[in-house]
Amino acid sequence: MNNSVNKSLDCAGRLLDLGRPNVMGILNVTPDSFSDGGRYNTFDRALQHAREMVDAGAGIIDIGGESTRPGAQIISEAEEVDRVVPVIEAISKEFDIVVSVDTSSAAVIREATSAGAGIVNDVRALCRPGALEAAAASQVPVILMHSLVEQPESGFVPAYENVVDEVSGYLASRAELCQKAGIAKEKIILDPGFGGGMFGKTPAFDLQMIKRFSEFHRLGYPVLAGVSRKSFIGAVLENTADERLSASLAVALLLAQAGAQIIRVHDVKETVDVLKIANAVAAA
Ligand code: 7PJ
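Quick caveat: nothing in here was measured; it's all calculated off a predicted structure. (Residues numbered from 1 in each chain as written. Predicted model: local features only at pLDDT ≥ 70, side-chain atom pairs only at ≥ 80, totals over all residues. Heavy atoms only, no water.)

Caption draft 1: Highlighting the nonpolar core. Counting residues in each nonpolar core, the largest one holds 73 residues, and the members touching the most others are Leu-27, Ile-63, Ile-91 and Leu-126. When residues of this core are assigned to their parent elements, the largest contribution, 7 residues, is made by helix H2 (residues 77-94). Leave out the neighbours within four places in its chain, and Ile-91 touches Leu-27, Ala-46, Leu-47, Ala-50, Ile-63, Ile-97 and Val-99. Listed in part, the 12 residues of the second largest apolar core include Ile-60, Ile-119, Ile-189 and Ile-262. (Core = buried A, V, L, I, M, F, W, Y, C linked by side-chain atoms within 4.5 Å. Buried < 20%, exposed > 50% of the residue type's maximum accessible area, 1.4 Å probe, protein only. Helix = DSSP H or I, 4+ residues; strand = E, 2+ residues; numbered from the N terminus. Contact = heavy atoms within 4.5 Å.)

Laid out in structure tokens, this is it:
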């Protein structure tokens, strides 16, 4: 593992211990189309889901309002702010937990961090106009993920000669740019970005990145991994997203053993159990 990585990270006043794997629980705040409850219903459900994840042992709640799925509806910055900011405000007030905002938009970064978000998580590595400056001004830690930044044309097949080296090179250059913009090295977390579509990996590349995950630590930053229910699992098991829990847990364990400091998941309780038993075995 990596000795150059600081163990305790200040996320808007709440500390994250990076000396062990942390579970980041996914909270999607998208309007509920199955009811006419409108925003109040969406807000209520989000808070309830957050409470469950906090009780289950999540270290971070990752709140996002914009889908990155191919074909997903594109929403305005204003709509994204309206979706996520009230939820971020309520959760950071009600629970003693680090809140991250999953966004690529400068306006959302500004509003979300003012509302209490302690981490900016960007699958586009702060590439959108103004995002880098907004993140730097917010003073909170950032997660930079490797992706294609834009949704590829349908039929696009990603190709890498050496996926770990190429993804590492991209992340290193984005991290350097962040530091030039005034973000301290200690506040940067990297993520190779598992998954297809805009994330730009085939299942075979995802599997190679899992196998060689420890190599990402050479970059000298904490590393996050998000593999929960992703399509490479479906490619191996030929199953649907709701059938991928056990495989997601198996991969989470592999990543934790390869030194991932943060694991981003849908199933917090199950993942926390896996990490607890692994920890008990390590301590025996
Ligand atoms: C990731 C993410 C990921 C980070 C999503 C999904 C797609 N942020 N946001 N890493 N994935 N940092 O959860 O399947 O892998 S949205």
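Caption draft 2: Layout of the side chain of Asp-191. The residue Asp-191 is located in strand S8 (residues 188-191) in this model. The side chain of Asp-191 is buried and forms no salt bridge, while Lys-230, the nearest opposite charge, is found at 6.5 Å. Separated by 2.8 Å, the side chain of Asp-191 and the backbone nitrogen of Gly-193 make a polar contact. (Lys, Arg positive; Asp, Glu negative; His and termini not counted. Salt bridge = Lys/Arg side-chain N within 4 Å of Asp/Glu carboxyl O. Polar contact = N/O pair within 3.5 Å; in protein donor to acceptor, adjacent residues only side chain to side chain.)

Caption draft 3: Representation of the confidence of the model for the protein. Mean pLDDT over the protein stands at 95; residues scoring 70 or higher make up 95%. For the protein, the element scoring lowest by mean pLDDT is helix H1 (residues 38-55), at 88; strand S7 (residues 142-145) scores highest, at 99. (pLDDT = per-residue confidence, 0-100.)

Caption draft 4: View of the pattern of salt bridges. Counted by the stated rule, this structure contains 13 salt bridges. For Asp-96, the salt bridge goes to Arg-14, with nearest N and O atoms at 3.3 Å. Of this pair, Asp-96 sits in the loop between H2 and strand S5 (98-102) while Arg-14 is found in strand S2 (residues 14-17), placing the two residues 82 residues apart along the sequence. Judged by relative accessible area, Arg-14 falls into the partly exposed class, the value being 25%. A salt bridge links Arg-83 to Glu-79; the nearest nitrogen and oxygen atoms lie 3.1 Å apart. Highlighted residues: Arg-83 and Glu-79, both in helix H2, separated by 4 residues, approximately one helical turn. Residues participating in the shared-partner salt-bridge network are Asp-165, Arg-212, Glu-215 and Arg-218.

Caption draft 5: Structural context of unusual backbone geometry. The phi dihedral of Ala-125 falls on the positive side, at around 50°, and the residue is not glycine. Position of Ala-125 relative to the elements: it lies in the loop between strand S6 (119-122) and helix H4 (131-138). Although it is not a glycine, Val-149 adopts a positive phi angle of roughly 70°. Examined against the element boundaries, Val-149 turns out to sit in the loop between S7 and helix H5 (163-180).

Caption draft 6: Broad picture of H5. Compared with the 26 Å implied by 1.5 Å per residue over 18 residues, the 26 Å span of H5 between its first and last C-alpha is a close match. A positive phi of about 105° marks Gly-182, the residue just after H5. (Expected span 1.5 Å × (residues − 1).)

Caption draft 7: View of the sheet that holds strand S10 (residues 262-265). On the basis of which strands lie adjacent, the open sheet formed by 8 strands has the order S8-S7-S6-S5-S4-S3-S10-S9 and parallel pairing. What marks the edges here is a single partner per strand, and that holds for S8 and strand S9 (224-226). Within this sheet the neighbouring strands show an average axis-to-axis angle of 25°, counted without direction. Judged from the 3 bridges that link them, S9 and S10 form a sheet pairing that is parallel. For Leu-224, the partnering residue across the bridge sits in S10 and is Ile-262. Against the sheet, helix H9 (residues 268-283) touches strand S3 (22-28) and S10, its axis set at about 175° to S3. (Pairing = 2+ DSSP bridges. Axes fitted to C-alpha atoms, helices over the stretch in contact; angles between N-to-C directions.)

Caption draft 8: Spatial organisation of the packing of H2 against helix H3 (residues 106-114). Relative orientation of the contacting elements H2 and H3 amounts to 20°, with a least axis distance of 9 Å. Relative to H3, H2 is oriented roughly parallel. The two elements H2 and H3 meet at a crossing, and its hand is right-handed. Facing H2, whose interface residues are Glu-77, Glu-80, Val-81, Val-84, Val-85 and Ile-88, H3 presents Ala-106, Ala-107, Val-108, Glu-111 and Ala-112. Considered class by class, the residues forming the contact of H2 with H3 number 8 nonpolar, no polar and 3 charged. (Parallel < 35°, antiparallel > 145°, perpendicular 65-115°, else oblique. Left-handed = near helix turned anticlockwise from the far one by under 90°. Nonpolar A, V, L, I, M, F, W, Y, C, P; charged D, E, K, R; others polar.)

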